[in-house]
Amino acid sequence: MGAEQQCDDMEVAFSDSEAFRSVQHVLQSVRMDPFLIDLRDKEQYDILLCAVDSTTRRSSDDQAMLATTLRALSEAVSKIDIMYHHALLHNIFTMSIWYYNRDTRDALLDLIIRLSAVADQYLRECLQMLVNNFTPPGPLVPQMEKRVSDDKRKEIYSQLHESLKMISDTVPLAPRVLKDIINRSMPKLFDNKVKMVSFVECMLGLGTERLGDLIGTSLLEKVVDLLTELDVNITWEDILQEEHSKGIFEMELEDLAGDVDKFGQETEVLFGGNVCAEKLDGLMVVVCKHLKSCAEHGCLKREFDILKTIFRKGVLKVHKSKFAQFIMFYACSLDPEICGLDFALFLTDIFTKKEDDAIARMSAVSYVGSYLSRARFISADTVVAILKRLVDWCIDHCERQKKKHTRTKNPVEHQIFYASCQAVMYVLCFRLRSIMDYPNLRSQVCLPSIVNEFLRQAKAARLFNASVDLELEDRIDSDLSKAFGGVNRLDMFFPFDPYLLKKSDSYIRPNFEFWSLVKTTYSDDEGDELGDFDAPGMNVDSLDDNFDIELNSDDDDIEYTMNKMSITPHRSFYHPMAMSGDSGLSMPARIRPSVSPPS
């Protein structure tokens, strides 16, 4: 292919072979002491520098000339010397492929690939140049924000991926160097949204190539770190509009004014007005698209296993995280039978085993409780199986306490036990009705041993006492508050609270269970054995005075009859906001953002 260069109104045509001979001569002629270079050769070298000036913006004809020059440099790459051609290399390594057409980009990337293989001396610079092009240059950012360059963007990413793959296939050291360069080049918290989203989107694309097998774990870990950093810098006040934040602790978000869509959530409570929230929202879209692509190409399980390790290391105990953890939720929804089940078992194993500290185990059981409650794609069989493991652990804990010579009422001593009890009850609030539809599962949930154990615990916790010693209540509440971190209590940590980011919400919502759509055991008056027994606002005096519950046990203190039993919990065991009004309790599914200890 040839190109035309205009000079003094005369068109001079250059073929590729002529350009190669010219460039080769110029490169060779300046490989000496500057004082010995012929002035005509120096002038030709300066023209070559101008031809590949990274700051020049070119027309289509000028780009054709540039492409010819770049191809000539590729053929003469052995003549390029870092000592004598430093200015030329600088121009090449600072070029942005975003300004050029496809043919010119191909020529530039071919030159970079060839330079990277020259005795490894330009490897780092070549890889850095390619990574720099993960994001568009500043002047093009407004176009990217208007999304008018989607096709070009995808084409550029594809070219960059192919170039990096070719370099890694040619130079064994390349993956290790690339990993270090990506680590150093990752967007920072205060970088603009377009840079963040573009960089992460291009970077994750490397996971679909062979290169992903070599650096995939590192790529995902960096992405999750960035998601988490953005997440913890978002406050709920940043997400919720001012008019909705009023009274947020006195009502469920689902009761806020607004249209309810078919999934039971108001569109008005999804916001991205905060800068960090908007960045996180955009990145969540990118990650969800990546996971969906992995599922379509049959490599989701590999990505999921990597994410699981990263989650345990970097997300599990970050209790200020509100949205980043939903990448696990979405990955599980793409493959419920394998990944969905795996995640539930993974969390349960962390909780039941003693390998981790108490905070990690409490976090894990909070996660599993919230996950089983919210994930529509998890079967009732799985829910019952996990609940059985949690209840079995609770029973074992109680048995161990009974065998101790000295017993303590210190809440800290039993904080993991309390967390597991809450997780079980939380799941049952969401899933009990659906479990009741299966006779075989119903019999497992309602085994006498489980019922007895729950009632034993309920009695000890004073859940059924109509009268309360207020002085004692305040003391218990204070002790509990201290045990779980004051007002930021880990026992009120629901990590899969409703998702409130605007753009990425569409990936989560179809598989997310909203409390407004849950069928409770008291929602059907016909043929329901439980009837309205646990209906919110139930008057304690409406119960039969002779209502008895017998517990068969060797311990005399758990055989009792409770007259006028109240199902309203003792107020020191739920958030004070639940006490306002006369309507009784409502599920804390969307009452407020979860509160938890600072990470």
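About the thresholds
- Throughout this description, residue numbers start from 1 for each chain and increase along the sequence as written.
- Local features are withheld for residues below a pLDDT of 70 in this predicted model, meaning they are given only at 70 or higher, and side-chain atom pairs are given and counted only at 80 or more; totals for whole chains, interfaces and linings count all residues.
- The basis for every side-chain value is the complete set of heavy atoms in the structure, and neither hydrogens nor water enter the calculation.
- UniProt positions are given in the numbering used here, feature names are shortened, and annotations may be inferred rather than shown by experiment.
- The helix and strand labels rest on DSSP assignments: H or I over at least four residues marks a helix, E over at least two residues marks a strand, and numbering proceeds from the N terminus.
- Classification of residues uses two cut-offs on accessible area relative to the type maximum, computed with a 1.4 Å probe and protein chains only: under 20% is buried, over 50% is exposed, and between them is partly exposed.
- A contact between two residues is defined here by any heavy atoms of the two lying within 4.5 Å.
- Under the convention used here, a 1.4 Å probe and the Shrake-Rupley method define accessible areas, while residue burial counts only the protein chains that appear.
- Within this document, salt bridges are pairs made up of a side-chain nitrogen of Lys or Arg and a carboxyl oxygen of Asp or Glu, the two lying within 4 Å of each other.
- Every axis corresponds to a line fitted to the C-alpha atoms, with the helix fit spanning only the stretch in contact, and the corresponding angles, defined between N-to-C directions, vary from 0 to 180 degrees.
- Here the word oblique covers every angle except those under 35 degrees (roughly parallel), over 145 (roughly antiparallel) and from 65 to 115 (roughly perpendicular).
- The handedness criterion is simple: a crossing whose near helix is rotated anticlockwise from the far helix by less than a right angle is left-handed, and one whose near helix is rotated clockwise is right-handed.
- Multiplying one less than the number of residues by 1.5 Å gives the expected span of a helix.
- Any pair of Phe, Tyr and Trp rings, taking the six-membered ring for Trp, is counted once the centres come within 6.5 Å. Such a pair is stacked with planes under 30 degrees apart, edge-to-face with planes over 60 apart, and tilted for the rest.
- We call a charge positioned above a ring when the Lys NZ or Arg CZ atom is no farther than 6 Å from the ring centre and deviates by at most 35 degrees from the ring normal.

In the annotation of an unreviewed UniProt entry, the entry for the protein chain reads RNA polymerase I-specific transcription initiation factor RRN3, and the organism field reads Urochloa decumbens. Under the UniProt heading Sequence similarities (unreviewed entry), the entry covering the protein chain gives this text: "Belongs to the RRN3 family."

Let's shift gears to the overall build of the protein chain. Secondary structure assignment for the protein chain yields 24 helices and two strands. Within the protein chain, buried positions represent 50% of all 599 residues. Restricting to contacts in the protein chain with at least 6 residues of sequence separation, those with at least 24 account for 74%. Put simply, the protein chain shows about 29,200 Å² of open surface, and 52% of that area lies on carbon and sulfur atoms.

Another aspect to go through is the pattern of salt bridges. Inspection of every chain in the model, using the stated rule, returns 26 salt bridges. Two residues, Asp-38 and Arg-40, come together in a salt bridge whose shortest N-O distance is 3.4 Å. Between Asp-305 and Lys-308 there is a salt bridge, with the nearest N and O atoms lying 4.0 Å from each other. Of the two residues, Asp-305 and Lys-308 are both situated in helix H15 (residues 300–314); the distance of three residues between them amounts to about one turn of the helix. For Asp-305, a relative accessible area of 30% gives the class partly exposed. Since its relative accessible area comes to 15%, Lys-308 is described here as buried.

Moving on to the packing of H15 against helix H17 (residues 336–352). Two quantities define a packed helix pair, namely the angle between the axes and the distance from one axis to the other. Here H15 crosses H17 at 20°, and the two axes come no closer than 11 Å. Considering their axes alone, H15 and H17 lie roughly parallel with respect to each other. As H15 runs across H17, the sense of the crossing is right-handed. For the pair H15 and H17, the contacting residues are Leu-300, Lys-301, Phe-304, Asp-305, Lys-308, Phe-311 and Arg-312 in the first and Ile-338, Cys-339, Asp-342, Phe-343, Phe-346, Leu-347 and Ile-350 in the second.

So, about helix H5 (residues 102–116). For H5, which comprises 15 residues, the first-to-last C-alpha distance of 21 Å matches the rise-based estimate of 21 Å (1.5 Å per residue) to within 8%. Looking at H5, one finds that the buried residues are Thr-104, Arg-105, Ala-107, Leu-108, Leu-109, Leu-111, Ile-112, Ile-113, Leu-115 and Ser-116. Along its buried surface, H5 packs onto helix H3 (60–75), helix H4 (86–93), helix H6 (123–132) and helix H8 (150–170).

Right, let's talk about the packing of aromatic side chains for a bit. Taken as a whole and judged by the stated rule, the model has 26 aromatic pairs. Aromatic side chains Phe-326 and Phe-329 sit 5.6 Å apart centroid to centroid with 55° between the ring planes, which places their arrangement in the tilted category. Here Phe-329 and Phe-326 lie together in helix H16 (residues 326–334), a separation of three residues that amounts to about one turn. The pair formed by Phe-326 and Phe-329 is uniform in burial state, with each residue classed as buried. When the ring centre of Tyr-99 is taken as origin, the NZ or CZ atom of Arg-57, which lies over that ring, is 3.7 Å away.

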